[in-house]
2 protein chains.
Amino acid sequence: MAAVGILDVDLCGPSIPRMLSIGRPDVHQCDAGWVPVYADAQKSLALMSIGFLLEDPDEAVVWRGPKKSAMIGQFVSDVAWGELDVLLVDTPPGTSDEHLAVLENLKKHRVDGAILVTTPQAVSTGDVRREITFCKKTGVRVLGIVENMSGFVCPHCSECSNIFSKGGGEDLAKLTGSVFLGSVPLDPLLSSSIEEGKDFMQSFPNSATFSAINSISQALLSSLQND
Amino acid sequence: MAAVGILDVDLCGPSIPRMLSIGRPDVHQCDAGWVPVYADAQKSLALMSIGFLLEDPDEAVVWRGPKKSAMIGQFVSDVAWGELDVLLVDTPPGTSDEHLAVLENLKKHRVDGAILVTTPQAVSTGDVRREITFCKKTGVRVLGIVENMSGFVCPHCSECSNIFSKGGGEDLAKLTGSVFLGSVPLDPLLSSSIEEGKDFMQSFPNSATFSAINSISQALLSSLQND
């Protein structure tokens, strides 16, 4: 039985299949509904994404809001998730149909909160500020803010460049009274691992990026326990 | 009279005001509708974005598809754009309400085509392939593909790192029979210019990024003339 589920509700740009290097599995039906795709042999990580359901991976999902909302409802109630400890929902950016549909369909469950991801520069933190306002309006707790694409250490000379400015995620957390969970640096090994279908955390346990991701997980667990 | 208009239809994450360093202007009404915001004293660049209309810049636009589509209709017909040579429409990612609303509301006008922007890695080119399928389905010509975040030349040692893989945009253009318009490198000067409200093209005319953007503009003009 799976302990963790990941639901990808970015219907026009599903990235979970590629990010977790899952090819094109057949999604089966059982009495309880669609059987999720398992990322591991122990079936501890259950996934569902529209990317698994399209016959052609290049097919465009040209759907308006109501159809997207209905599909998200089916993903929550018609997938045989089993007994999950946690369901992570990966949303597209914004504050629209997908986000409202997730909250409506999870009403019967406990929603622990939202993890917001920004890049350091103002054009991104501005969007995430609006998402924090959305969380306040809808009564969703902000578990914390992660800063992504946060500085690049040149593998040739070890000097750090802040390609997309610096510290915007931490500043936003202070400004909004949110928890700052940590930063993930720009790391070519992280993107090449995804391109090659390699598990980054297993492959590079001594890297600075591994430590950064690990420390974000710890900070998230603390934030959850401070409920 | 303005010659170029830019319409920002990313209603939940409007970035045009910030990208062009326009503060918080008052948007006025005239007999012909809303007066667009002009980026320059000569009124040659007319802008409209929901970012100009919100009283509080942190306000979340929690709108479902139909309301977003209606707003886009108003942006096309109720803004006193004047005689424009070109209207550029900046859309959010995806193939949903915003994209359909733009096409419906521009039916009476000639739509020259779509410029698609990807980053080099497969998780992004996959999304843009679906957008190319959308263009085919809806009869919109693909004017070309731009690759963004394409390689980073370290300012300390001048070595190039392909942080997000390499060549994905050009490969996608070949695969789909589209024009490849060019690549924009990762450049800290470009993001810091936006943060500081500086005009990058005026400030750094000798940079590699300036040449890259210039050559993309030339390639786009050629693509338009090959109609």
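My aim in this report is to walk through the structure given alongside it, one point at a time. (Residues numbered from 1 in each chain as written. Chains lettered and ligands numbered in written order. Predicted model: local features only at pLDDT ≥ 70, side-chain atom pairs only at ≥ 80, totals over all residues. Heavy atoms only, no water.)

Attention shifts here to the overall build of chain A. Scanning chain A for helices and strands turns up eight helices and 11 strands. Summarising its shape, the C-alpha atoms of chain A cover approximately 55 × 40 × 35 Å along the three principal directions. By the burial criterion, 47% of the 227 residues in chain A qualify as buried. For chain A, long-range pairs separated by at least 24 residues make up 71% of all intrachain contacts whose partners lie at least 6 apart in sequence. (Helix = DSSP H or I, 4+ residues; strand = E, 2+ residues; numbered from the N terminus. Buried < 20%, exposed > 50% of the residue type's maximum accessible area, 1.4 Å probe, protein only. Contact = heavy atoms within 4.5 Å.)

Attention now moves to the interface of chain B and chain A. Taken together, the contacts link 50 residues of chain B with 50 residues of chain A. For the pairing of chain B and chain A, the buried interface totals around 4,300 Å² over both sides, and the portion due to carbon and sulfur atoms is 57%. Taken together, the links from chain B to chain A amount to six salt bridges. Across the salt bridge formed by A:Asp58 and B:Arg129, the nearest N and O atoms sit 2.4 Å from each other. Seen at the junction of chain B and chain A, the total is 20 residue pairs in polar contact (both at pLDDT 80 or more). When residues of the side of chain B that touches chain A are traced back to their parent elements, those giving at least two are helix H1 (16–19), helix H2 (65–77), helix H3 (97–105), helix H4 (122–138), strand E10 (160–161) and helix H6 (188–196) of chain B. (Buried area = accessible area lost by both parts, 1.4 Å probe. Salt bridge = Lys/Arg side-chain N within 4 Å of Asp/Glu carboxyl O. Polar contact = N/O pair within 3.5 Å; in protein donor to acceptor, adjacent residues only side chain to side chain.)

This next bit is on the sheet that holds strand E11 (residues 180–183) of chain A. Residues and elements named next belong to chain A. In space, the three strands of this open sheet follow the order E7-E8-E11, with parallel pairing throughout. Every other strand in the sheet has two partners, leaving strand E7 (114–118) and E11 as the edge strands with one partner each. Between one strand and the next, the sheet's axes are offset by a mean angle of 20°, whatever the strand orientation. Where strand E8 (residues 142–147) meets E11, three bridges bridge the pair, whose relative direction is parallel. By the bridge assignment for E11, Glu-147 is matched with Ser-183. Contacting E7 and E8, helix H4 (residues 122–138) crosses the sheet at an angle of about 165° to E7. Contacts from helix H8 (residues 208–225) reach E7, E8 and E11 within the one sheet, and its direction differs from that of E11 by about 175°. (Pairing = 2+ DSSP bridges. Axes fitted to C-alpha atoms, helices over the stretch in contact; angles between N-to-C directions.)

For the rest of this paragraph, the subject is the sheet that holds strand E6 (residues 86–90) of chain A. Residue and element names in this part refer to chain A. Across the sheet, four strands lie side by side as E4-E5-E1-E6; this open sheet has mixed pairing. Lying at the two open borders of the sheet, with one neighbouring strand each, are strand E4 (37–38) and E6. The pairing of strand E1 (residues 4–8) with E6 spans five bridges and is classified as parallel. Considered in E6, the bridge of Val-4 is made with Val-86.

What follows concerns the packing of helix H2 (residues 65–77) of chain A against helix H3 (residues 97–105) of chain A. Residue and element names in this part refer to chain A. Where H2 contacts H3, the axes come no closer than 9 Å and their chain directions differ by 35°. The hand of the H2/H3 crossing is right-handed. Residue-level inspection shows Gly-65, Lys-68, Ser-69, Ile-72, Gly-73 and Val-76 of H2 in contact with H3, the latter providing Asp-97, Glu-98, Ala-101, Val-102 and Asn-105. Residue composition of the contact of H2 with H3, by class: four nonpolar, four polar and three charged. (Left-handed = near helix turned anticlockwise from the far one by under 90°. Nonpolar A, V, L, I, M, F, W, Y, C, P; charged D, E, K, R; others polar.)

The subject of this paragraph is a nonpolar patch on the surface. All names here are of chain A. A contiguous nonpolar surface patch, about 300 Å² in accessible area, is contributed by Val-86, Leu-88, Ile-115 and Val-117. Those elements giving two or more residues to the nonpolar patch turn out to be E6 and E7. By the element assignment, Ile-115 lies in strand E7. On the basis of relative accessible area, Ile-115 is assigned to the partly exposed category, the value being 34%. (Patch = residues over 30% accessible without salt bridge, like charges linked within 9 Å, V, L, I, M, F, W, Y side chains within 5 Å. Areas by Shrake-Rupley, 256 points an atom, 1.4 Å probe, with all protein chains shown as cover.)

Residue and element names in this part refer to chain A. For strand E5 (residues 45–49), a buried count of four out of five residues is recorded, marking the element as mostly surrounded by other parts of the structure. Where E1 meets E5, five bridges bridge the pair, whose relative direction is parallel. When the sheet's bridge partners are listed, Leu-7 is paired in E5 with Met-48. Relative to E5, E4 runs antiparallel, the two sharing two bridges. Among the inter-strand pairings, Tyr-38 is bridged to a residue of E5, identified as Ala-46. What sits between the antiparallel neighbours E4 and E5 is a turn of six residues, in which Lys-43 has the positive phi angle 55°.

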